[in-house]
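Examining the three-dimensional arrangement
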Amino acid sequence: HYTPSKGILELREAIADDLKKFGVEADPEKEIIVTSGSKYGIYCACLATLNPGDEVLVLSPTWPTHFTCVEFAGAKPVEIPCGEAFKLDEEELKERLTGKSRMILLCSPNNPTGGVLSVSDLKAISEISEDRGLFILSDEIYNKIIYDGFETRSMASFENVRDHVILVNGFSKAYAMTGWRLGYVFAEKTIIDAINKII
């Protein structure tokens, strides 16, 4: 039998329960969609929210596929260097904003550096997003691979930008389930509905 295009509800409910550990309250019926890996989730999120000519501020270094997905949607990636330590340069981010800016894309914990943005860095991103009305695409596939008691938060846990955050995650990294191609997206209902149409 075919499964629902959003994924089996029991799985979406389990994902919602897991998100609570990261301070994110999610409606499993309206705000979560299961995807064929997190890469496909990123791809669908870009197609659902970006228009040709939009600019996406990409915190770098990052996974090359982030650029590919942005470009496939017809948008232009704008790199914001964060160095080997992967620390936000808030002024650099603000300076690169233009009238075409549509989204901030980040991966924290980071691939490839292993760096993790601090809570203050994430808060600064949330405030810039709120001020400029930007989407935040947050790739959190490594969120369970943090060491030495380092504390961070999910981008979706900041209430001021909850409706602007598109959180992408999956099971490949934390559970070594790469071959299952199982990922998911959390976002507000309008974005999830748009991704569902794409799927």
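So, here's what we can say about the structure. As the structure is a prediction and not an experimental result, all values here were calculated from the model.

Going through the model one piece at a time under the given rule, you end up with twelve salt bridges. In this structure, lysine 20 and aspartate 17 form a salt bridge, with 3.7 Å as the shortest nitrogen-oxygen distance. On the criterion of helical spacing, the pair formed by lysine 20 and aspartate 17 is a turn pair, its members being three residues apart in helix H1 (residues 9-20). For aspartate 17, a relative accessible area of 47% puts it in the partly exposed group. The closest approach of N and O atoms between aspartate 18 and lysine 144, which form a salt bridge, is 3.0 Å. Of this pair, aspartate 18 sits in helix H1 while lysine 144 sits in the loop between strand S5 (135-139) and strand S6 (165-170); the two residues are 126 residues apart in sequence, bridging distant segments of the chain. A relative accessible area of 18% places aspartate 18 in the buried class.

Here strand S1 (residues 32-35) shows no split at all, with Ile32 and Val34 on one side and Ile33 and Thr35 on the other all buried. Here S1 runs beside strand S7 (residues 183-186); their pairing, made up of four bridges, is antiparallel. By the bridge assignment for S7, threonine 35 is matched with glycine 183.

Here we come to the pairing of strand S2 (residues 55-60). Across the six residues of S2, six count as buried, placing the element largely inside the fold. Here S2 shows two buried faces, one formed by Glu55, Leu57 and Leu59 and the other by Val56, Val58 and Ser60. Inspection of the sheet shows S2 paired to strand S3 (residues 76-81) by six bridges, in the parallel sense. By the bridge assignment, glutamate 55 is partnered in S3 with lysine 76. In the classification by handedness, the crossover that spans S2, the intervening helix H3 (residues 64-72) and the parallel S3 is right-handed. In terms of strand pairing, S2 meets strand S4 (residues 101-107) through four bridges, oriented parallel. Paired with valine 58 across the two strands is leucine 105, which belongs to S4.

Criteria and thresholds
- Residues numbered from 1 in each chain as written.
- Predicted model: local features only at pLDDT ≥ 70, side-chain atom pairs only at ≥ 80, totals over all residues.
- Heavy atoms only, no water.
- Salt bridge = Lys/Arg side-chain N within 4 Å of Asp/Glu carboxyl O.
- Helix = DSSP H or I, 4+ residues; strand = E, 2+ residues; numbered from the N terminus.
- Buried < 20%, exposed > 50% of the residue type's maximum accessible area, 1.4 Å probe, protein only.
- Pairing = 2+ DSSP bridges.
- Right-handed = clockwise from strand over helix to strand, strands pointing away.

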